[in-house]
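# Survey of secondary and tertiary structure
Here is how the chains run, residue by residue.
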Amino acid sequence: MAKVVCVLYDDPIDGYPKSYARDGLPKIERYPGGQTLPTPKAIDFVPGALLGSVSGELGLRQYLESRGHTLVVTSDKDGPDSVLERELVDADVIISQPFWPAYLTAERIAKAKKLKLALTAGIGSDHVDLQAAIERGITVAEVTYCNSISVAEHVVMMILGLVRNYIPSYQWVIKGGWNIADCVARSYDVEGMHVGTVAAGRIGLAVLRRLKPFDMHLHYYDRHRLPETVEKELNLTWHPTVEDMVKVCDVVTINCPLHPETEHLFDEKMLAGMKRGAYIVNTARGKICDRDAIVRALESGHLAGYAGDVWFPQPAPQDHPWRTMPHHGMTPHISGTSLSAQARYAAGTREILECFFEGRPIRDEYLIVDGGQLAGTGAHSYSAGNATGGSEEAAKFRKRA
Ligand code: NDP
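The following paragraphs examine the structure supplied in this document. (Residues numbered from 1 in each chain as written. Predicted model: local features only at pLDDT ≥ 70, side-chain atom pairs only at ≥ 80, totals over all residues. Heavy atoms only, no water.)

### Description of the site of the ligand
Lining the immediate surroundings of the ligand are 30 residues, of which Arg202, Ile203, Asp222, His224 and His380 lie closest. Within the backbone of Ile203, an N or O atom sits 2.8 Å from an oxygen atom of the ligand. Between an oxygen atom of the ligand and a main-chain N or O atom of Ala284, the distance comes to 3.4 Å. When the ligand sits alone it has 920 Å² of accessible area, and the protein chains cover 96% of it. Going through the elements one at a time, α5 (148-163), α8 (202-211) and α14 (376-381) are the ones with two or more residues in the shell around the ligand. By residue class, the composition of the shell around the ligand is 11 nonpolar, 13 polar and six charged. (Near = heavy atom within 4 Å. Polar contact = N/O pair within 3.5 Å; in protein donor to acceptor, adjacent residues only side chain to side chain. Areas by Shrake-Rupley, 256 points an atom, 1.4 Å probe, with all protein chains shown as cover. Helix = DSSP H or I, 4+ residues; strand = E, 2+ residues; numbered from the N terminus. Nonpolar A, V, L, I, M, F, W, Y, C, P; charged D, E, K, R; others polar.)

### Concerning the sheet that holds strand β7 (residues 217-221)
Sheet architecture is open: seven strands sit in the order β8-β7-β6-β9-β10-β11-β12, paired in parallel fashion. Every other strand in the sheet has two partners, leaving β8 (236-238) and β12 (328-330) as the edge strands with one partner each. Neighbour-to-neighbour, the strand axes of the sheet open up by a mean angle of 15 degrees, direction not taken into account. In this sheet, β7 lies alongside strand β6 (residues 194-198) in parallel orientation, the contact comprising five bridges. The residue bridging His194 from the neighbouring strand is His217, located in β7. Here α5 sits on the sheet and contacts β6, β9 (251-254), β10 (278-282), β11 (303-308) and β12; the angle it forms with β10, its principal contact strand, is near 150 degrees. Each of β6, β7, β8 and β9 is contacted by α8, which is oriented at about 170 degrees to β7, the strand it contacts most. (Pairing = 2+ DSSP bridges. Axes fitted to C-alpha atoms, helices over the stretch in contact; angles between N-to-C directions. Contact = heavy atoms within 4.5 Å.)

### A few points about the layout of surface pockets
Taken as a whole, the largest pocket encloses approximately 1100 Å³ of empty space. As for the largest pocket, its lining consists of 49 residues, and the residues nearest its centre are Gly201, Arg202, Asn255, Pro257 and Ser381. Of all the secondary-structure elements, those providing two or more residues to the lining of the largest pocket are α5, α8 and α14. A class-by-class count of the residues in the lining of the largest pocket yields 22 nonpolar, 17 polar and 10 charged. A volume near 860 Å³ is recorded for the second largest pocket. Around the second largest pocket sit 29 residues that line it, and Tyr9, Trp100, Pro332, Ile334 and Phe397 are the ones nearest its centre. For the lining of the second largest pocket, the per-class residue count stands at 14 nonpolar, 10 polar and five charged. (1 Å grid on protein atoms, 1.4 Å probe; cavity = no way out; pocket = protein on both sides within 12 Å on 5 of 7 lines; lining within 4 Å. Points joined across faces, edges and corners; volume = space filled by probe spheres on them.)

### Section: the state of the cysteines
Tallied over the full model, the rule gives zero disulfides. Among the cysteines around Cys355, which has no disulfide bond, Cys146 carries the closest sulfur, lying 15 Å off. (Disulfide = S-S within 2.5 Å.)

Right, dumping it as structure tokens:
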């Protein structure tokens, strides 16, 4: 029988919800492009419930325990005295969400001698040292597409929020003011602006599709070009390099995975090549941007705004400079964990576990590493290597009630 360790974020500070704002979720038949939603044999949760926090347990306890497996659920993941550090030594499966990542460094993988499956309940497995997983023959899988549209919606919200200066304007209302000039002195329309995405995968393309009706000029950079029909339909301009794209864009949205090729892609030099007054929205991974270079570009006015929900490490320490830099619209890592997304990735996690325990193949599109090499989506979108360096800094975060 297997031991499954599941690392989830904490429950709400006022307790696990007893009721919800809405009574259910809309029914979605398929993802764009036709991929089917997760197909587990059954689920033991109510879609729309909070599944991603500790008490939600991704709806897995009944399924696992009824088959004789052990389930350990914890949010205590960082530092040598953490529950994760203690429990991983005999774990067969470790489940983690990118929002509250269980960093599986080479050192932790070496300690986890029985580990066979590192399962990401979400998208983005950069919290796992993929090189170490390859060398140990550990399978790494994620629930591809489960929250891509959730993130695309968030990106559009953040672009509009920054360009139209929504958050400071909202703050004037809270402060009891009616300071129209203060609100609009940094407020513009997106119409006619040039927006470019770094990567036009599931999220990047969905962002472009959603921005088309705003009459923006649409640009993209990706290693693989989109079909000509899509380029024509959306009137897209493809750029052969990121540098080439950012110099013409008013808004840049980052939608590629974090791997050694993309780590610190947005450094001092890349930012210097952007237009003065450009905005960046990064919901991909914090480490794709150089933390301090972003702060300097906002302070100097070279960037007009920066928003996103991804940081490094996570949780971000209280003194992380992105909490206090000017003109930012940061949130904790939430875009891919709406209640709608949780229902899909909890079902996808269950589907992957069913395959794993029943000896059936995991869908190719869910695989990142398998059989000692990058596989499936991983072979297409990632490069081998490690992007977890520095993750021990997450232990600096102090919980506040
Ligand atoms: P996809 O796999 O559909 O798309 C990833 C795209 O990135 C692919 O088109 C790939 O290109 C491209 N890419 C890979 N490496 C590079 C590179 N060096 N330069 C430019 N493009 C590159 O994934 P999704 O769109 O669903 O998700 C993308 C990322 O967004 C995830 O990896 C994750 O980090 C992040 N994410 C964040 C969430 C959140 O809650 N904030 C939730 C979900 C995802 P190609 O394959 O053509 O080479």
